[in-house]
Amino acid sequence: ETPAHAAINTSLEVADARRLSRIKGLLNAVLRRLSSEGQDLLNNLDKPGIDAPDWLFDGWVEHYGKTEAAQIAMAHRQEPALDITLKTPANPDSMATSLEATTLPTGSLRRPLGGTIDKLPGFDDGEWWVQDAAAALPARLFGATLKGQRIADLCAAPGGKTAQLAAMGADVTALDRSADRLVRLGENLRRLGLARQVETITANAKSWAPEQPFDGVLLDAPCSATGTIRRHPDVPWLKDPDQIDALAEQQAELLGQAIDMVKPGGTLVYCTCSLEPAEGEAQIERLLALGAPIKTVPINAEELGITDTMITPEGWLRVLPHHWADKGGIDGFFAARLT
């Protein structure tokens, strides 16, 4: 309740004391506007669409409806928790106790942000890694046990899904075009005791081909990452519609290559951490319309421990940030399982 003129004058004195005299004009202008328009600006913060460019929010309204678009936008204002994937998920409750976490229906653990991650119980012993609960779902679409199966993880870094596949028993080929990111992935796998099951290859998935087709391929394609806005609030302002179109073209090319890497009867899982249908549903619809040699294997909510609201009528996974609002929300994600 300090009078506005006093607060402004004191702030300008502080600027001088902090050797910030060069920005006093800007500071004075901003504070004077706040003093005259501040309450109106605060009142307008309740509008759900102000945290994203109009083109992005309007797209959510068009695809998800006005009510759900508003819920998505409001969910982005909530600080996300720290989600953890266990290497051995058979008994999550004991690890949840030591980590002061709760067990989510999918088996991921969730604890509030805070503390140094590598000082938490079980980190040095390689018992877990950090991974949003939504990001932990696509790898599970291959089944619970993958022993003896050869699985390729395209665009693999930072490696959470690679670790999941290896922990389920698969022999994993982790492909990424960034050698530096694969070094980090390798370090994580060694901490987890999973490095011997993983072959890392530095290559672009759009031009690389295996000597033999795989039993399964996981394509977590490069995308706009609009499903992670609550973790990265700058994302909406770093993208534009042309970038979405360019990414969609890349994803289509990667999907075509991925199909050729899977043996007949094998499984292809396509996923993106995007809310944009052009990077999710439209990609699979396009493949089916073109007569690609694939068919959808519907995802069942029960197999993942999620609700039916997270499954589309086509049997695809579509997780939205306001899902699990009572548990703290979740990243936006799309995934389809194909054979």
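Residues numbered from 1 in each chain as written. Predicted model: local features only at pLDDT ≥ 70, side-chain atom pairs only at ≥ 80, totals over all residues. Heavy atoms only, no water.

Overview of the overall build of the chain
Within the chain one finds 11 helices and 11 strands. In terms of overall dimensions, the chain has a C-alpha envelope of 75 × 45 × 35 Å along the principal axes. Residue pairs at least 24 apart in sequence account for 68% of intrachain contacts in the chain once pairs closer than 6 positions are excluded. For the chain, the accessible surface area stands at approximately 17,000 Å², while carbon and sulfur atoms represent 51% of it. Charged side chains of the chain number 33 positive and 46 negative; the gap between the two group centres comes to 5 Å. (Helix = DSSP H or I, 4+ residues; strand = E, 2+ residues; numbered from the N terminus. Contact = heavy atoms within 4.5 Å. Areas by Shrake-Rupley, 256 points an atom, 1.4 Å probe, with all protein chains shown as cover. Lys, Arg positive; Asp, Glu negative; His and termini not counted. Charge placed at Lys NZ, Arg CZ, Asp CG, Glu CD.)

Structural notes on the packing of aromatic side chains
One pass over the structure, following the stated rule, counts 5 aromatic pairs. Ring geometry for W316 versus F334: centroids 6.0 Å apart, planes at 75°, classification edge-to-face. Taken together, the positions of W316 in the loop between α11 (301-304) and β10 (317-319) and F334 in strand β11 (residues 333-338) put the pair 18 residues apart, joining distant regions of the chain. Each member of the pair W316 and F334 is classed as buried. (Phe/Tyr/Trp six-rings, centres within 6.5 Å; stacked < 30°, edge-to-face > 60°. Buried < 20%, exposed > 50% of the residue type's maximum accessible area, 1.4 Å probe, protein only.)

Notes on a nonpolar patch on the surface
A cluster of nonpolar residues, L20, I23, L26, V30, L34 and L41, forms a patch on the protein surface that exposes about 480 Å² of accessible area. Its place among the elements puts L34 in helix α2 (residues 24-43). With a relative accessible area of 44%, L34 lands in the partly exposed category. (Patch = residues over 30% accessible without salt bridge, like charges linked within 9 Å, V, L, I, M, F, W, Y side chains within 5 Å. Salt bridge = Lys/Arg side-chain N within 4 Å of Asp/Glu carboxyl O.)

What about unusual backbone geometry?
A157 connects to P158 through a cis peptide bond whose omega is 10°. Its location among the elements puts P158 in the loop between β5 (150-154) and α6 (160-167). Its identity is not glycine, yet A225 carries a phi of approximately 65°, on the positive side. One can find A225 in the loop between β8 (214-220) and α8 (235-238). The buried category is assigned to A225, whose relative accessible area is 18%.

Things to note about the pattern of salt bridges
Across all of its chains, the model carries 15 salt bridges by this definition. Of the charged contacts in the structure, one is a salt bridge between R77 and D51, with a shortest N-O distance of 2.6 Å. Within this pair, whereas R77 is found in the loop between α4 (66-75) and β1 (82-86), its partner D51 is found in the loop between α2 and α3 (54-64), the two being separated by 26 residues in sequence. Classification of R77 by relative accessible area gives partly exposed; the value is 33%. Here D331 makes a salt bridge to R231, at a shortest N to O gap of 3.2 Å. Of this pair, D331 sits in the loop between β10 and β11 while R231 sits in the loop between β8 and α8, and the two are 100 residues apart along the sequence.

Re a negative patch on the surface
On the surface, D118, D124, D125 and E127 cluster together into a patch of negative charge. Note that D118 resides in the loop between β3 (109-111) and β4 (128-130).

Things to note about the packing of helix α1 (residues 4-17) against α2
At a minimum axis distance of 10 Å, the contact between α1 and α2 shows a crossing angle of 160°. Between α1 and α2, the angle falls in the class roughly antiparallel. Read as a crossing pair, α1 and α2 show a hand that is right-handed. When α1 is examined against α2, the residues A4, I8, S11, L12, A15 and D16 are found in contact with a partner set consisting of K24, L27, N28, L31, R32 and S35. (Axes fitted to C-alpha atoms, helices over the stretch in contact; angles between N-to-C directions. Parallel < 35°, antiparallel > 145°, perpendicular 65-115°, else oblique. Left-handed = near helix turned anticlockwise from the far one by under 90°.)

Looking at the nonpolar core
F142, L165, L304, I306, L317, V319 and F333 are the most contacted members of the largest nonpolar core, which totals 43 residues. At the level of elements, α6, β6 (171-176), α7 (179-192), β9 (262-272), α11, β10 and β11 are the ones that each hand at least two residues to this core. Examining the composition of this core, we find that 4 residues originate from one element, α7, more than from any other. Apart from residues lying up to four places away in sequence, I306 is in contact with T106, L137, A301, I311 and L317. Counting 28 residues, the second-largest nonpolar core is a separate cluster that includes L175, W208, I259 and F334. (Core = buried A, V, L, I, M, F, W, Y, C linked by side-chain atoms within 4.5 Å.)

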